[in-house]
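Per-entry structural report
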Amino acid sequence: MLIVNIASIQGIIPGEYDRLAGKDMEARCGELADAYLLVENGLISRFGPMSELAEADYASGEVFDAAGGMLLPSFCDSHTHIVYAGSRDGEFLDKINGLSYEEIARRGGGILNSADRLHETSEDELFRQAMERVGEMIAKGTGAMEIKSGYGLNTADELKMLRVIARIKEATPAAVKATFLGAHAVGREYAGRRGDYVDMLISEMLPAVAAEGLAEYVDVFCDEGFFTVEDTGRILEAAARYGIRPKIHANELANSGGVQVGIRHGALSVDHLERMEAAEIAALRESDTIPTMLPGASFFLGMPYGPARAAVEAGLPVALASDYNPGSSPSGDMRMVMALACIKMKLTPREALVATTLNGAAAMGLGSELGSIAVGKRASFIVTRPVPSLAFIPYAYTTPFIAAHFIGGRQV
């Protein structure tokens, strides 16, 4: 596959970088005008100025004319909850009427509401609904996604969710990573007995998940009203015995200590961070853990936005993800995430591009394979309609911009 007449390739980053941090998010993210790109065996083989193309190159395979559009890496969405049943639009009305996320949860809504619906829904129906969301995300430019369990809250239903995720991996061209989030909330049958629920998760859920090899990562909702730092440490120590690395929900509702406990246990990423302060930024600077912010949840819930600008200025490799879920961010549109990063978090368009592509890939352990334009990486990229600049994409955030999307060198 030869892509020709590209107005500019965006997101060119040397292949030795599996993430970019701080000032490098702007400085090392390059572009090339009036370009071509060649795909061979699903990988980026070479790219360069159109003036360097030879006549023989056109005869080497299929030719796709970008017709003056840009080419940029596919979005890499490192935090989603897209295996769920139905929707929670009733809670949307509760929010309009003034109830907070915490108040809805205390009334039995929120995560427990989704767990009730999921319990009543067959695996096949969950798969069907989730694949609709996967198709929607791919159509909007996402080429890699992490998917969490966490609406089961008992062993059988958590395994059901993870088996659905395994089926999604086989059914979609997008790269998919699975995360076990049994510690998303305390299941109804353990109401008022959080410690007993944690004991059960460690003694029953984790061994079952590990025995079937269903999860690359483990997550805990370490926040006010959910799981404590001590709970989180116990779960992560148990997961480490099975070789399952952490990715942590932290500091969404309060300054919870989730960042620090995640770092202590070698978390690949700590996610949310709406309440992150200087101490968390300092701790992250001394670690390899990737701070991942979810502006879609801030937008939908009316919460503070994560301090992305301060984190970049401190030299951190900020990632951005959609948090696609039925209760707090019912959208997998990473272009909207990019726009919110620019408008509300004051990232530049180039920083926002890196945060939604290469650094998102790194937050899934895929930074050496996806998320940038580099020779040898998977050929997963968006070809845009003609647009005046990279900034136009987050600026005109509802204007259709995708002309074609390629995953692994194939148009999807």
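The residue numbering used here restarts from 1 in each chain and proceeds along that chain's sequence as written. Where local features are concerned, this predicted model is filtered to residues with pLDDT of at least 70; where side-chain atom pairs are given and counted, the filter is 80 or more; whole-chain, interface and lining totals use all residues. Hydrogens and waters are ignored; side-chain quantities use all the structure's heavy atoms.

Partly exposed describes any residue whose relative accessible area lies between the buried limit of under 20% and the exposed limit of over 50%, with all areas from a 1.4 Å probe on protein chains only and scaled to the type maximum. Strands are runs of DSSP state E lasting at least two residues, helices are runs of H or I lasting at least four, and both sets are numbered from the N terminus onward. For strand β1 (residues 2–12), a buried count of nine out of 11 residues is recorded, marking the element as mostly surrounded by other parts of the structure. DSSP bridges decide pairing: two strands pair if at least two such bridges lie between them. Alignment of β1 against strand β4 (residues 63–65), held across three bridges, turns out to be parallel. Among the inter-strand pairings, V4 is bridged to a residue of β4, identified as D65. Sheet topology note: the β1/strand β5 (residues 70–73) ladder contains two bridges and is parallel. Directly across from I9, in β5, lies its bridge partner L71.

Right, let's get into helix α8 (residues 194–212). The end-to-end C-alpha distance of α8, which contains 19 residues, comes to 26 Å, matching closely the 27 Å that a straight helix rising 1.5 Å per residue would cover. All buried positions along α8 are accounted for by Y197, V198, M200, L201, I202, M205, L206 and V209. Note on contacts: a residue pair is in contact if any heavy atoms of the two residues lie within 4.5 Å. Elements in contact with the buried residues of α8: α7 (155–171), β8 (175–183) and α9 (229–240). One fewer than the residue count of a helix, multiplied by 1.5 Å, yields its expected span.

This part is about a nonpolar patch on the surface. Only residues whose relative accessible area exceeds 30% and that form no salt bridge are eligible for patches; like-charged ones are grouped when within 9 Å, while nonpolar side chains (Val, Leu, Ile, Met, Phe, Trp, Tyr) are grouped when within 5 Å. The Shrake-Rupley method, run with a 1.4 Å probe, gives the accessible areas here. Residue values count only the displayed protein chains as cover. For this document, the term salt bridge refers to a Lys or Arg side-chain nitrogen within 4 Å of an Asp or Glu carboxyl oxygen. Residues F92, L93 and I96 make up a contiguous nonpolar surface patch of roughly 310 Å² in combined accessible area. L93 gets classed as exposed once you look at its relative accessible area, which sits at 51%.

Okay, helix α5 (residues 111–119) next. Working note: α-helix, 3.6 residues per turn, so residues spaced by three or four point in the same direction. Among the residues of α5, those classed as buried are I111, L112, S114, A115 and L118. The buried residues of α5 occupy one face: seen down the axis, they fall within an arc of 155°. Along its buried surface, α5 packs onto α4 (101–106), α6 (123–139), α7 and β9 (217–222). Here the arc refers to the directions that run from the helix axis out to each C-beta atom.

Now for unusual backbone geometry. For N5, which is not glycine, the phi dihedral falls at a positive 60°. Here N5 lies in strand β1. A positive phi is found at L153, a non-glycine position, where the angle reads about 65°. You can see L153 is positioned in the loop between β7 (142–148) and α7.

Before going further, it helps to examine the pattern of salt bridges. Applying the stated criterion to the full structure yields 23 salt bridges. In this structure, the salt-bridge partner of D124 is R167, at a minimum N-O distance of 2.8 Å. Pair noted here: D124 is in helix α6 and R167 is in helix α7, with a separation of 43 residues, a long-range link. Linking E132 and R128 is a salt bridge whose minimum nitrogen-to-oxygen distance equals 2.8 Å. You can see E132 and its partner R128 sitting in helix α6, four residues apart, about one turn around the helix. Overlapping salt bridges bring together E26, E31 and R350 as one network.

A few words now on the side chain of K160. Within the secondary structure layout, K160 lies in helix α7. For the purposes of these results, a polar contact is taken to be a pair of N or O atoms within 3.5 Å, where, inside protein, one atom must be able to donate a hydrogen and its partner to accept one; residues adjacent in sequence count only when each atom of the pair is a side-chain atom. At 2.7 Å, the side chain of K160 and the backbone oxygen of T121 are in polar contact. If we ignore the near neighbours within four places in the chain, the residues touching K160 are L118, H119, T121, E123 and L126.

On to the packing of α8 against α9, then. A pair of packed helices is captured by two measures, namely the crossing angle of their axes and the spacing between those axes. Packing of α8 against α9 brings their axes to within 10 Å, and their N-to-C directions diverge by 10°. On the basis of their axis angle, the class for α8 and α9 is roughly parallel. Between α8 and α9, the contacting residues are R194, G195, V198, D199, L201, I202 and L206 on the first element and D231, R234, I235, A238 and A239 on the second. Note on residue categories: nonpolar means Ala, Val, Leu, Ile, Met, Phe, Trp, Tyr, Cys or Pro, charged means Asp, Glu, Lys or Arg, and polar means any other residue, Gly included. Residues belonging to the contact of α8 with α9 are distributed by class as follows: seven nonpolar, one polar and four charged. Lines are fitted to the C-alpha atoms to define the axes, a helix being fitted only along its stretch in contact, and any angle between axes, read from their N-to-C directions, falls within 0 to 180 degrees. Here the angle decides the label: under 35 degrees means roughly parallel, over 145 means roughly antiparallel, 65 to 115 means roughly perpendicular, and every other value means oblique.

Here we have eight strands laid out as an open sheet, ordered β6-β7-β8-β9-β10-β11-β12-β13, and parallel in their pairing. Each end of this open sheet is capped by a strand with a single partner; those strands are β6 (75–77) and β13 (319–320). Sheet strands in contact with α9 are β8, β9 and β10 (245–250), and its direction is about 175° off that of β9. Across the sheet, helix α14 (residues 334–343) is in contact with β6, β7 and β13; its angle to β6 comes to roughly 90°.

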